[in-house]
Structures are given as C-alpha cells and as structure tokens.
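Residue-level structure breakdown
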Amino acid sequence: QVQLVESGGGLVQAGGSLRLSCAASGRTFSSYAMGWFRQAPGKEREFVASISKTGGSTYYADPVKGRFTIFRDNAKNTVYLQMNSLKFEDTAVYYCAAGRLTTTQPTGYDYWGQGTQVTVSS
C-alpha cells in the first residue's frame, strides 16, 4: 500500500512557475514508476508526465514538453513536477500516481493522490 500526498498547487499568473510535490508513504517508493496527471473541469483526466523507478527515463505529454520537468528523490520518497511558463490552459487539478510500469495510461497506475489545484490566470 502506498499513500500519496500532493502539495504546491495554487494561483499563478500566466508565464509564472509552480513546483508540485508528491510525498509517498512506505519504504518501497523506489519500486514504483511515478506519473502526473491532470483533470480540468468537464474534461477527462490526461497524462502530463511520468518517470521511471530510478529516474533515468522521463516522458511528457506534447502540451507540456519544454515547460514541465518531472524528477524524483528516492531518498525523500518524493516526486516533483516543475512547471514553468504556465498557460491558462494548464489550469486543472493535478494528481500524482504510482505504478509498476512507466505508462501514459491512468489505468496503469495503482495508487493515486487526492490532487492539488493549479489555477493560471490569464
């Protein structure tokens, strides 16, 4: 069992930056690939970024490539999402997830956090 708690969301102006954190409980954090997803009102949950168990491989959705960076610190049981050059369309609830495989599909993840709201004002 893994419990995930996101933090770092908030209100930011377009062009600004935020760093999201996702802290995991348990001693097996390094056994899980981690992903970030987001869901805007009235839309389906969509993939944002993922990172392999060691952090050696990362993947990004096209809309965030070059602006977002996912990284992890296995010693701190934490995965991060650095978001730069934020746009209005990045407004959503952001969720972190843990799974056995690095995948862009939500169904590939076993554990989910409660989400943190990111609001970008235009």
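Small disclaimer: the values here were computed from a predicted structure and weren't measured.

Rules and cut-offs
Residues numbered from 1 in each chain as written. Predicted model: local features only at pLDDT ≥ 70, side-chain atom pairs only at ≥ 80, totals over all residues. Heavy atoms only, no water. Helix = DSSP H or I, 4+ residues; strand = E, 2+ residues; numbered from the N terminus. Rg over C-alpha atoms; globule rule 2.2 N^0.38 Å. Contact = heavy atoms within 4.5 Å. Areas by Shrake-Rupley, 256 points an atom, 1.4 Å probe, with all protein chains shown as cover. Core = buried A, V, L, I, M, F, W, Y, C linked by side-chain atoms within 4.5 Å. Buried < 20%, exposed > 50% of the residue type's maximum accessible area, 1.4 Å probe, protein only. Pairing = 2+ DSSP bridges. Axes fitted to C-alpha atoms, helices over the stretch in contact; angles between N-to-C directions. Disulfide = S-S within 2.5 Å.

Some remarks on the overall build of the protein chain
The secondary structure content of the protein chain amounts to zero helices and eleven strands. In sequence order, the secondary structure elements of the protein chain are arranged as β-β-β-β-β-β-β-β-β-β-β. Against the 2.2 N^0.38 benchmark of 14 Å for 122 residues, the protein chain shows a C-alpha radius of gyration of 13 Å, consistent with a compact globule. When its C-alpha atoms are laid out on the principal axes, the protein chain stretches across 40 × 25 × 25 Å. When contacts within the protein chain are restricted to residue pairs at least 6 apart in sequence, those whose partners lie at least 24 apart make up 56%. Accessible surface for the protein chain amounts to roughly 6200 Å². Of this, 48% is attributable to carbon and sulfur atoms.

A short note on the nonpolar core
Within the largest apolar cluster, 34 residues are counted, with the highest numbers of intra-cluster contacts made by L4, M34, W36, L81, M83 and Y94. Residue assignment for this core shows that the elements contributing at least two residues are β3 (18–24), β4 (33–39), β5 (46–51), β7 (68–73), β8 (78–83), β9 (92–99) and β11 (116–121). The contact partners of M83, leaving out residues within four places of it in the chain, are G16, S17, L18, L20, R67, F68, Y94 and V118.

Considering the environment of F29
Along the chain, F29 turns up in the loop between β3 and β4. When its relative accessible area of 2% is taken as the criterion, F29 is described as buried. F29 sits 68 residues away from A97 along the chain, and the two C-alpha atoms are 11 Å apart. F29 has contacts with A24, M34, R72, D73, N74, N77, T78 and V79, leaving out every residue within four places of it along the chain.

Topic: the sheet that holds β3
Spatial ordering of the open sheet is given by β1-β3-β8-β7, a layout of four strands whose pairing is antiparallel. The sheet is open, and its two borders are formed by β1 (4–7) and β7, each paired with just one other strand. Averaged over all neighbouring strand pairs, the angle between strand axes comes to 15°, with direction disregarded.

A few points about the state of the cysteines
By the definition in use, this model includes one disulfide. Each sulfur of the disulfide joining C22 and C96 lies 1.9 Å from the other. Between C22 and C96 the disulfide shows an S-S torsion of about 50°. By sign, it is right-handed. You can see C22 sitting in strand β3 and its partner C96 sitting in strand β9, a full 74 residues away along the chain. On the basis of relative accessible area, C22 is assigned to the buried category, the value being 0%.

Some points on the pairing of β7
Here β7 shows a buried face lined by F68, I70 and R72 and an unburied face lined by T69, F71 and D73. Note: β7 against β8, six bridges, orientation antiparallel. Counted as the bridge partner of R72 is V79 from β8.

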